4 protein chains.
Amino acid sequence: MAGNSFGTLYKLTSFGESHGKGVGGIVEGVSPGLKLDMEFIQHELDRRRPGQSEITSPRDESDRVEFISGHIDGVATGTPLAFVIWNKDQRSRDYDNLKDIFRPSHADYTYQSKYGIRDHRGGGRSSARETIARVVAGAVAKLMLKELGVTVQAYVSQVGSLKVTKSYKDLDLALAETNIVRCPDPDMAKQMIAYIDGVRRDHDSVGGVVSCVIANAPVGLGDPVFDKLHARLGQAMLSINAVKGFEYGSGFSSVEMLGSQHNDEFYMEDGRVHSRTNRSGGIQGGISNGEDIYFRVAFKPVATILKDQNTVDREGNEVVMKAKGRHDPCVVPRATPIVEAMAAMVIADNVLLNKTYR
Amino acid sequence: MAGNSFGTLYKLTSFGESHGKGVGGIVEGVSPGLKLDMEFIQHELDRRRPGQSEITSPRDESDRVEFISGHIDGVATGTPLAFVIWNKDQRSRDYDNLKDIFRPSHADYTYQSKYGIRDHRGGGRSSARETIARVVAGAVAKLMLKELGVTVQAYVSQVGSLKVTKSYKDLDLALAETNIVRCPDPDMAKQMIAYIDGVRRDHDSVGGVVSCVIANAPVGLGDPVFDKLHARLGQAMLSINAVKGFEYGSGFSSVEMLGSQHNDEFYMEDGRVHSRTNRSGGIQGGISNGEDIYFRVAFKPVATILKDQNTVDREGNEVVMKAKGRHDPCVVPRATPIVEAMAAMVIADNVLLNKTYR
Amino acid sequence: MAGNSFGTLYKLTSFGESHGKGVGGIVEGVSPGLKLDMEFIQHELDRRRPGQSEITSPRDESDRVEFISGHIDGVATGTPLAFVIWNKDQRSRDYDNLKDIFRPSHADYTYQSKYGIRDHRGGGRSSARETIARVVAGAVAKLMLKELGVTVQAYVSQVGSLKVTKSYKDLDLALAETNIVRCPDPDMAKQMIAYIDGVRRDHDSVGGVVSCVIANAPVGLGDPVFDKLHARLGQAMLSINAVKGFEYGSGFSSVEMLGSQHNDEFYMEDGRVHSRTNRSGGIQGGISNGEDIYFRVAFKPVATILKDQNTVDREGNEVVMKAKGRHDPCVVPRATPIVEAMAAMVIADNVLLNKTYR
Amino acid sequence: MAGNSFGTLYKLTSFGESHGKGVGGIVEGVSPGLKLDMEFIQHELDRRRPGQSEITSPRDESDRVEFISGHIDGVATGTPLAFVIWNKDQRSRDYDNLKDIFRPSHADYTYQSKYGIRDHRGGGRSSARETIARVVAGAVAKLMLKELGVTVQAYVSQVGSLKVTKSYKDLDLALAETNIVRCPDPDMAKQMIAYIDGVRRDHDSVGGVVSCVIANAPVGLGDPVFDKLHARLGQAMLSINAVKGFEYGSGFSSVEMLGSQHNDEFYMEDGRVHSRTNRSGGIQGGISNGEDIYFRVAFKPVATILKDQNTVDREGNEVVMKAKGRHDPCVVPRATPIVEAMAAMVIADNVLLNKTYR
């Protein structure tokens, strides 16, 4: 109820604050017998880690996951998989100046209003550090999906006004992991990196878009009406910090199309139904049709910048907040594994749900 | 689990198919003592009704709601409010030709694959006729919100490439209900109507955008992490038939902005915290901050068109589907009350959830 | 949340009041393709019906179920199965005298306190008439279980101090349906009927016990920890009107046993594990082990009696409530199909849940 | 879904195995601002601890709780309260002999069948060690209830055939904590202790009953129909290891009563409605009426005994299991705080749920 759980059968319940003892979660729905590839899970965490390159926050988090329960000798038993990532770099005192100030476009004011109390240190529960738990749960989901041949791959397709214009079909997505901005178009990657570096020097931040492709998903995932597969994916993505929009398949661009242009014609190939085009984004009537599922996620420029800003404090005084601290100039490179993690959890959950029908 | 329920405390569980006996639902969480203004509820249904103008589907549905339980003399008792809208215009035979054909970009193929059986008549459960239940539940939610002074107003802001460029703040939203396309800009409305009429004559369909503004929502609605208020709104909107995208506040346009441009500065007015700009769309850290909540919903061109199309049938034969039947050339005018209904349900649910904290 | 839903994947959401328009529900999780045997479902309803014999309430309810959605030509499509049983014998005026009186040991006072409003006619939502919806949903669950060979049979094992002392294994449970008290021991049945008839003439009521046996349930049903199979069965039974206690397997009698007497020794037979005794009641660690699942449910004497009683009214005046109305002198004969229905729903739900593990 | 969560708004999600790294959980719904009295929480854990007296298991668990998140300087922030109790006395090798044997009346066979894999060490997830998480979550619930004046007190009312015959009203329940068997009748306590000691020397075990009284609960807790307050309490209690039965108020004894004897007459006192008797057990129509809520919970003799037993192994061989290990001869003294914990969680959850109505 309180928003700390995600999923129905494959389910993460997360906990933790930016500067408390640690961040972690409980994963339910892991297939009994699944081998937990710890190296892979740690690798996913490393992809999310700050301090991994010169265009991310310098906060140093080694972020090693400790599993407390749910497996025996690295094999999942079907009982809850609990894990914690202990916080190490807890420079809480850095935040003393923010104890009574509401940072613009952050969650300080709303948390204080809702709860009457908040952990001001680094955003507390509202910190993006919470997404660590998602990455761990998503990595385990990926291990489950791997056995079905399903892959989930995200990449940076836009930073500021620098856009990858090619379709994902015309890109080699494997290239995304070969550069620090995670853009599979090498030329565009260079431009993006240079641009983000400039933004960082200006003590500012900038937005971006993460695109994601889910391949080989079986036909039949998703439930009709309120739990359409894309509605679950949409909630998943919109729940990530700094996300402002979600579109799948033809998305907002469908608005300007005619039905006769937009409809995906069916045909037969290899003994099964395919569609010639895929404006549906692999989902029809809320249920996967076997084509690639793809979507785009819009991230705003992160609210933390190294510039003085006008705001108010808890007592209602208008104050100037002095620039201080560490931040990501552009969140999308590190958001990429988080988008994948949430997508993998949605798909794993729907694979389990779909087993109950027939 | 099976996707027929929406909401946690204010909750709709819906049922019904396009050409079965009827469509309806059970609403839980209605405040005991609430006066059910039947005229208002019927009025909301009439706004969704096909056949209401020359730019909507000619299917004639008088759609009168019958409440079966949950009230005594029109006053809610806090027990489940069950209702049904009986189907009248059930020309099932119209659909005999579609029994074995998978209509392009419809849910026929995915339903058949998932369930092994489907009600082919008018789309069955996947028909937009299901949204009737949402409008009823949303109307009751609006009655609850009215007592708190909260208003929910949606309008058509784009049809094809015809866009309202003004902010909602510079429009008189009350004008939306004065024309059949539900656009509050009278000149643009005329152009949109003419354009849709042309599309209809061409036996085609076109997409559009519905914008929505929630005013006077209290501070503190929404839960952190996975149930952020905008994530719930996003799921709600994406669950509506034909929706392809959702964005709130600055949305996708935030991608191209710098943090220093995007951040909403706080200041004091009338003894409470306000923000000078509202790129946050009234939600920060997933929780409402008292400013207007606003968002945009992208609708694709509906898949039903009066043109012959290539497709396949259940036996895997490639066939030409002959044009036949009735359809909406553009769904957004009738989608407007549905968007409002879903938004009202999300807000009512979060008002109830928020009571549990303090 | 508001207590109107039962089950996770096989799920009933019910609605309706004793003297409103009708009582009904929505069933989710019905296997697509299941043939709905309407005659069987109606037969189950008839078993619950008042007026079926001289020892039950004379209220005449023909109680015919009308399905509104979820099937096509009597075959379930996997979409929500909505149904309503219209109230016919609505002698609301009978209850005018109870509008402001709190009947002893009824829900009048608590509903009024909780909601500030209540439907006083025949108990409104708190009436046992609500159990109609359970019987319908349970009948559909039985049809699903039938395909797996699972049977659910309940019978009356005690009325007042008249007890069936034999184990269910030594009874022919089919005999339960051959007498109006639903006791499979014909001699005891006669005594019970005579006793209940006397209680009825005295304008009083008496309690009883319903025993239930679930045979051929597969191994592996139930989830550990909080959703142990017997915990779900217990909640199911305790949610039935007038139930005061639940025990399974050796139940309360286990208290006086030693572990060395109580433990069920395993052995092999027909290639699979069995237990020689079954004090575990077919459930170990919350999970079914393939032996018979059996349990007992205690029903209090119903609160409605035809005697004057002291009580208070809404204004806090102490008043004498005059005897009036119709009632069941002993609820257990009619409770038997309700116990079966709830048990069938729990098992069906767990069959679906269990599909998600391996 | 997988049975690891309990509660709706006040909710525990638990994890951990007997001989893994630790046992713990996440508590949601803790009131922001609540002072976490760590000494009290630890005291509750100590009441559950094995090794506390000569009639409990000698396993030495110091069991200190470590909170990882959800508070700042000991004050709850309303975010999830995660905690872990690290396992210390992990004599896993003690269990090597049980790796392939199904212990009689334990969960070994059912877990193996359901999951295809199990943690055999000390019962793994099915171990009563899991109840530690309940005691912590229950202790926090008690702190919330304390602010409302609600108290929850359990005591041992029966061991084997040794029964406390007095009503709880005629006992000084505070005396329960003055002896190691937790029985408030000092003479009976002595007899029980002597009896349990004899059972222990015989290497056997024996059952018992825990009674529980909830005083000062507000009127209006509980939801009608499926979530009746006593149905939630029943599920809660039946989910505790070794529980075989639950009854509330007059319970199974009501079966032999007439309605005219059983009904609780209302009267006025101190300006509010009371009942002269309380056979309803403080709950009418599933909703609390302001009188004491009381119930009884039956515990079987624990399955672990120090006697050789016949059973089968994983390969289907019939074997003799040799006596070995440590066990509780009678579980009820240590179960008392667990019963209280589950009751406190149910009440806290319903207090939160009840806030949403009016």
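Keep in mind it's a predicted model, so treat the numbers as computed, not measured.

Asks: Any chance you could break down the overall build of chain A for me, citing the residues and the numbers?
Replies: A tally of regular secondary structure across chain A gives seven helices and 19 strands. In terms of overall dimensions, chain A has a C-alpha envelope of 65 × 50 × 35 Å along the principal axes. Out of the 358 residues in chain A, the part that is buried amounts to 69%. Considering only contacts in chain A between residues 6 or more positions apart, those separated by 24 or more positions represent 69%. Of the side chains in chain A, 44 bear a positive and 45 a negative charge, and the two mean positions are spaced by 3 Å.

Asks: How would you sum up the interface of chain C and chain D? Please name residues and give values.
Replies: In many analyses, interface size is given as the accessible surface area lost on bringing the parts together. Taken together, the contact pairs 110 residues of chain C with 110 residues of chain D. Buried area between chain C and chain D, both sides added, is near 8400 Å², and the carbon and sulfur share of it is 60%. A per-residue breakdown of the area chain C buries against chain D is headed by Lys114, Phe226 and Lys244 of chain C, which together make up 11% of the total. Taken together, the links from chain C to chain D amount to zero salt bridges. If you look at where chain C meets chain D, you find 45 residue pairs in polar contact (both at pLDDT 80 or more). Sorting elements by how many residues they give to the side of chain C that touches chain D places helix 2 (residues 108-115) of chain C first, with seven residues. Grouping the constituent residues of the side of chain C that touches chain D by class yields 43 nonpolar, 43 polar and 24 charged. Here strand 12 (residues 243-248) of chain C runs beside strand 12 (residues 243-248) of chain D; their pairing, made up of three bridges, is antiparallel. Its bridge partner being in strand 12 of chain D, Phe246 of chain C is matched across the sheet by Phe246 of chain D.

Asks: A description of the relation of the copies chain C and chain D should follow, citing residues and the corresponding values.
Replies: For these two chains of identical sequence, chain C goes onto chain D by a turn of 180° and a shift of 0.0 Å along the axis, with RMSD 0.0 Å. Between the two chains, the operation in question is that of a two-fold axis.

Asks: Give me the lowdown on the sheet that holds strand 7 (residues 81-86) of chain B, citing residues and values where you can.
Replies: Residue and element names in this part refer to chain B. The strand order across the open sheet formed by five strands is 1-2-3-7-4, and the pairing between neighbours is antiparallel. At either margin of the open sheet sits one strand with a lone partner, and together these are strand 1 (5-6) and strand 4 (65-67). Pairing between strand 1 and strand 2 (residues 11-16): two bridges, direction antiparallel. Paired with Ser5 across the two strands is Thr13, which belongs to strand 2. Seen against the sheet, helix 1 (residues 38-48) touches strand 4 and strand 7 and runs at an angle of roughly 140° to strand 4.

Asks: Can you tell me about helix 2 of chain C, naming the residues and giving the values?
Replies: Burial within helix 2 of chain C is extensive, with seven of its eight residues counted as buried. Taken as a whole, helix 2 of chain C has its buried residues at Asp108, Tyr109, Thr110, Tyr111, Gln112, Lys114 and Tyr115 of chain C. Looking at the buried side of helix 2 of chain C, the elements it contacts are strand 8 (101-102) of chain C together with strand 13 (266-269), strand 14 (272-275), strand 15 (283-284), strand 16 (287-288) and helix 7 (332-354) of chain D. Following helix 2 of chain C by one or two positions, Gly116 of chain C adopts a phi angle in the positive range, close to 75°.

Asks: Now, about the side chain of Asp185 of chain D: what can you tell me, with residues and values included?
Replies: Residue and element names in this part refer to chain D. With respect to the element layout, Asp185 can be found in the loop between strand 10 (162-163) and helix 4 (186-201). Buried within the structure, Asp185 lacks any salt-bridge partner; its nearest side chain of opposite charge belongs to Lys166, at an N-O separation of 4.9 Å. Beyond its immediate sequence surroundings of up to four residues, Asp185 is in contact with Val164 and Leu171.

Asks: Residue-level account of the sheet that holds strand 9 (residues 151-159) of chain B, with values.
Replies: Within the open sheet, the ten strands sit side by side as 10(A)-9(A)-11(A)-17(A)-12(A)-12(B)-17(B)-11(B)-9(B)-10(B). Their pairing is antiparallel. The two strands at the open ends of the sheet, each matched to only one other strand, are strand 10 (162-163) of chain A together with strand 10 (162-163) of chain B. As paired elements, strand 11 (residues 208-215) of chain B and strand 17 (residues 293-299) of chain B share seven bridges and run antiparallel to each other. Considered in strand 17 of chain B, the bridge of Ile214 of chain B is made with Ile293 of chain B. Each of strand 9 (151-159), strand 11 (208-215) and strand 17 (293-299) of chain A touches helix 7 (residues 332-354) of chain A; the most contacted strand, strand 9 of chain A, lies at about 145° to it.

Asks: With reference to specific residues and values, describe the interface of chain B and chain A.
Replies: Contacts between chain B and chain A engage 110 residues on the former and 110 residues on the latter. Both sides of the chain B and chain A interface together cover about 8400 Å² of buried area, and 60% of this is carbon and sulfur. Of all residues in chain B, Lys114, Phe226 and Lys244 of chain B give up the largest surface area on contact with chain A, accounting jointly for 11% of the area buried on that side. The interface formed by chain B and chain A holds zero salt bridges in total. Applying the counting rule to chain B against chain A returns 45 residue pairs in polar contact (both at pLDDT 80 or more). No other element matches the seven residues that helix 2 (residues 108-115) of chain B contributes to the side of chain B that touches chain A. For the side of chain B that touches chain A, the residue count by class is 43 nonpolar, 43 polar and 24 charged.

Asks: Give a description of the environment of Ala76 of chain D that names residues and reports values.
Replies: Looking at where Ala76 of chain D falls in the secondary structure, it is placed in strand 6 (residues 75-76). For Ala76 of chain D, a relative accessible area of 1% puts it in the buried group. Residues contacting Ala76 of chain D, with those up to four places away along its chain left out, are Ile117 of chain A together with Val30, Ser31, Pro32, Gly33, Leu34, Leu36, Gly70 and His71 of chain D.

Asks: Now, about the nonpolar core: what can you tell me, with residues and values included?
Replies: Among the nonpolar cores identified, the biggest contains 360 residues, and Phe295 of chain A, Phe295 and Phe299 of chain B, Phe295 and Phe299 of chain C together with Phe295 of chain D are the most heavily contacted of them. Residue contacts for Phe295 of chain A: discarding those within four places in its chain leaves Val210, Ser211, Cys212, Ile214, Leu233, Met237, Phe246, Glu247, Tyr248, Val339 and Ala343 of chain A.

Asks: A description of the relation of the copies chain B and chain A should follow, citing residues and the corresponding values.
Replies: Placing chain B over chain A gives an RMSD of 0.0 Å and needs a rotation angle of 180°, together with 0.0 Å of translation along the axis. Mapped onto chain A, 100% of the interface residues of chain B again fall at the interface, so both copies present the same surface.

Asks: Lay out the packing of aromatic side chains in plain terms, naming residues and giving numbers.
Replies: How two aromatic rings sit relative to each other is given by the distance of their centres and the angle of their planes. Under the counting rule described, the total for this entry stands at 36 aromatic pairs over all chains. Seen from their ring centres, Tyr109 of chain C and Phe266 of chain D are 5.7 Å apart, and the 65° between their planes marks the pair as edge-to-face. Placement of the pair is Tyr109 of chain C in helix 2 and Phe266 of chain D in strand 13, with the two residues belonging to separate chains. The exposure class assigned to Tyr109 of chain C is buried, which follows from its relative accessible area of 8%. Members of the aromatic cluster, connected to one another through ring pairs, are Phe102 and Tyr109 of chain A together with Phe266 of chain B.

Analysis parameters
- Residue indices begin from 1 for each chain and proceed along its sequence in written order.
- Starting at A for chains and at 1 for ligands, labels are handed out in the order in which the entities are written.
- In view of the model being predicted, local features appear only for residues whose pLDDT reaches at least 70, and side-chain atom pairs are presented and counted only at 80 or more, with totals across whole chains, interfaces and linings using the full set of residues.
- Processing note: side-chain calculations cover all non-hydrogen atoms of the structure and skip hydrogens and water entirely.
- Segments assigned H or I by DSSP are reported as helices when at least four residues long, segments assigned E as strands when at least two residues long, and all are numbered from the N terminus.
- Each residue is placed in one exposure class: buried if its accessible area under a 1.4 Å probe, protein chains only, is under 20% of its type's maximum, exposed if it is over 50%, and partly exposed if it falls in between.
- Two residues qualify as a contact provided that any one of their heavy atoms is within 4.5 Å of a heavy atom in the partner residue.
- His is not counted, nor are the chain ends, whereas Lys and Arg count as positive and Asp and Glu as negative.
- A single reference atom marks each charge: NZ on Lys, CZ on Arg, CG on Asp, CD on Glu.
- Buried area is calculated as the accessible area (1.4 Å probe) missing from two parts once they are joined, with the contributions of both summed.
- Salt bridges are identified by distance alone: a Lys or Arg side-chain nitrogen within 4 Å of an Asp or Glu carboxyl oxygen.
- Two N or O atoms form a polar contact when they lie within 3.5 Å of each other; inside protein one atom must be a possible hydrogen donor and the other a possible acceptor, and for residues adjacent in sequence the pair counts only when both atoms belong to side chains.
- Throughout, the ten residues Ala, Val, Leu, Ile, Met, Phe, Trp, Tyr, Cys and Pro are labelled nonpolar, Asp, Glu, Lys and Arg are labelled charged, and all others, Gly among them, are labelled polar.
- We treat two strands as partners when DSSP finds at least two bridges between them.
- The atoms used to superpose the copies are C-alpha atoms, taken from residues with pLDDT of at least 70 in both, and the fit is least squares.
- Interaxial angles span 0 to 180 degrees and are taken between N-to-C directions of axes, which are lines fitted to C-alpha atoms, for helices over the stretch in contact.
- Definition of nonpolar core: a set of buried residues of the types Ala, Val, Leu, Ile, Met, Phe, Trp, Tyr and Cys, connected through side-chain atoms within 4.5 Å.
- The criterion for an aromatic pair is that two Phe, Tyr or Trp rings (for Trp, the six-membered ring) have centres within 6.5 Å, with stacked assigned to planes under 30 degrees apart, edge-to-face to planes over 60 apart and tilted to the rest.

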